[in-house]
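Residue strings, one per chain:
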Amino acid sequence: MDIVERVLITEEEIQTRVRELGQAISQDYGDKPIALICILKGGLMFLCDLAKHITSPVTYDFMSVSSYGDATQSSGVVRITKDLEESIEGKHVIIVEDIIDTGLTLSYLLNNLRSRNPASLRICTLLNKPSNRKVEIPVDYVGFEVPNAFLVGYGLDFRQLYRNIPYIFIPKPKYYQDEID
Ligand code: IMP
């Protein structure tokens, strides 16, 4: 694809790491049921692959929050646009997220979900961009630490496209330069 400047994480690397994360979660939780909460739309690919490697009993539910819109910079505005269908009270919850950038989205979500009294609440993110953090977030499971670059693929979009690409890439600046100027 012409938009690809460089592949940062290959499909094989993602699949290997996701399997490891699933195994780590299974070891930690054993037979305890886990309520996986997928943050749409970016977390969807990750959730599907991750859940296959968790041997503990799992349920999943979905939440959607507004974050970036179509721009490449965080707006700082977080709003729930789709809420969970089931109560998480007394459940062992893991939030499944594609990437933590500023941390603003998860900071809001953590406070919101904590107030619903889960038995425990952890975060599993495929990608972590610690250099861009604005609020401290306790992350329990991380797939990859990534540099402060705009990333696309495997759930991450550029103008809602390329979420289906099985690897993560850095796009050529000419494709998105206008939006960040
Ligand atoms: P945060 O609130 O800044 O941590 O942003 C989290 C959300 O921003 C993620 O769930 C993504 O939807 C989006 N995001 C952050 N970095 C990128 C990126 O490099 N590419 C695409 N989306 C991103």
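Residues numbered from 1 in each chain as written. Predicted model: local features only at pLDDT ≥ 70, side-chain atom pairs only at ≥ 80, totals over all residues. Heavy atoms only, no water.

(A) Expanded view of the overall build of the chain. Each helix and strand in the chain was counted, giving four helices and eight strands. Ordered by position in the sequence, the α and β elements of the chain form the string β-α-β-α-β-β-β-α-β-β-β-α. Its C-alpha atoms give the chain a radius of gyration of 16 Å, near enough to 16 Å, the size a compact globule of 181 residues would have. Dimensions of the chain, computed from C-alpha atoms along their principal axes, come out at roughly 50 × 35 × 25 Å. Once local pairs closer than 6 in sequence are excluded, the contacts in the chain between residues at least 24 apart make up 68%. Looking at the chain as shown, the accessible area adds up to about 9,000 Å², and 48% of this sits on carbon and sulfur atoms. Taking the 19 positively charged and 25 negatively charged side chains of the chain as two groups, their mean positions are separated by 2 Å. (Helix = DSSP H or I, 4+ residues; strand = E, 2+ residues; numbered from the N terminus. Rg over C-alpha atoms; globule rule 2.2 N^0.38 Å. Contact = heavy atoms within 4.5 Å. Areas by Shrake-Rupley, 256 points an atom, 1.4 Å probe, with all protein chains shown as cover. Lys, Arg positive; Asp, Glu negative; His and termini not counted. Charge placed at Lys NZ, Arg CZ, Asp CG, Glu CD.)

(B) Layout of the pairing of strand S5 (residues 92–100). Within S5, nine of the nine residues are buried, leaving the element largely enclosed by the surrounding structure. For the crossover from S5 across helix H3 (residues 104–114) to strand S6 (residues 120–128), the handedness is right-handed. (Buried < 20%, exposed > 50% of the residue type's maximum accessible area, 1.4 Å probe, protein only. Right-handed = clockwise from strand over helix to strand, strands pointing away.)

(C) Looking closely at the nonpolar core. Within the largest apolar cluster, 29 residues are counted, with the highest numbers of intra-cluster contacts made by Ile25, Phe46, Leu50, Leu127 and Leu151. Only helix H1 (11–29), strand S2 (34–40), helix H2 (44–52), S5, S6, strand S7 (141–145) and strand S8 (168–171) provide two or more residues apiece to this core. With five residues, the single largest contributor to this core is H1. Grouped together as the second largest cluster of nonpolar side chains are 18 residues, Ala35, Ile37, Val78 and Ile137 included. (Core = buried A, V, L, I, M, F, W, Y, C linked by side-chain atoms within 4.5 Å.)

(D) The site of the ligand, seen in detail. Residues in contact with the ligand amount to 17 residues; listed here are only the nearest, Asp98, Thr102, Gly103, Thr105 and Leu151. Here Asp98 contributes a side-chain N or O atom positioned 2.8 Å from an oxygen atom of the ligand. One nitrogen or oxygen atom from the side chain of Lys129 is found 2.9 Å from an oxygen atom belonging to the ligand. Protein chains shield 93% of the accessible area of the ligand, which is 490 Å² for the free molecule. Listed by contribution, the elements that provide at least two residues to the shell around the ligand are S5 and H3. Classifying every residue of the shell around the ligand gives eight nonpolar, four polar and five charged. (Near = heavy atom within 4 Å. Polar contact = N/O pair within 3.5 Å; in protein donor to acceptor, adjacent residues only side chain to side chain. Nonpolar A, V, L, I, M, F, W, Y, C, P; charged D, E, K, R; others polar.)

(E) Spotlight on the packing of aromatic side chains. Counted by the stated rule, this structure contains six aromatic pairs. An angle of 75° between the planes, with centres 5.9 Å apart, marks the rings of Phe150 and Phe158 as edge-to-face. Under the relative-accessibility criterion, Phe150 is labelled buried at 16%. With a centroid separation of 6.4 Å and 70° between ring planes, the pair formed by Phe158 and Tyr176 is classed as edge-to-face. Taken together, the positions of Phe158 in the loop between S7 and S8 and Tyr176 in helix H4 (residues 173–180) put the pair 18 residues apart, joining distant regions of the chain. Each member of the pair, Phe158 as well as Tyr176, is classed as buried. Taken together, the ring pairs in this structure connect Phe150, Phe158 and Tyr176 into an aromatic cluster. (Phe/Tyr/Trp six-rings, centres within 6.5 Å; stacked < 30°, edge-to-face > 60°.)

(F) View of the sheet that holds S2. One open sheet accounts for six strands, arranged S4-S3-S2-S5-S6-S7; its pairing is mixed. Two strands in the sheet have a free side with no partner beyond their single neighbour: strand S4 (79–82) and S7. Neighbouring strand axes in the sheet, compared pairwise and without regard to direction, differ in orientation by 30° on average. One ladder, built from four bridges, connects S6 with S7; its direction is parallel. (Pairing = 2+ DSSP bridges. Axes fitted to C-alpha atoms, helices over the stretch in contact; angles between N-to-C directions.)

(G) Layout of empty space enclosed by the protein. Summed over the entire model, instances satisfying the criterion amount to one cavity of 30 Å³ or more. What lines the largest cavity is simply Ala35, Leu36, Ile37, Thr59, Tyr60, Asp61, Glu86, Ser87, Ile88 and Lys91. Contributions of two or more residues to the lining of the largest cavity are made by S2 and strand S3 (58–66). (1 Å grid on protein atoms, 1.4 Å probe; cavity = no way out; pocket = protein on both sides within 12 Å on 5 of 7 lines; lining within 4 Å. Points joined across faces, edges and corners; volume = space filled by probe spheres on them.)

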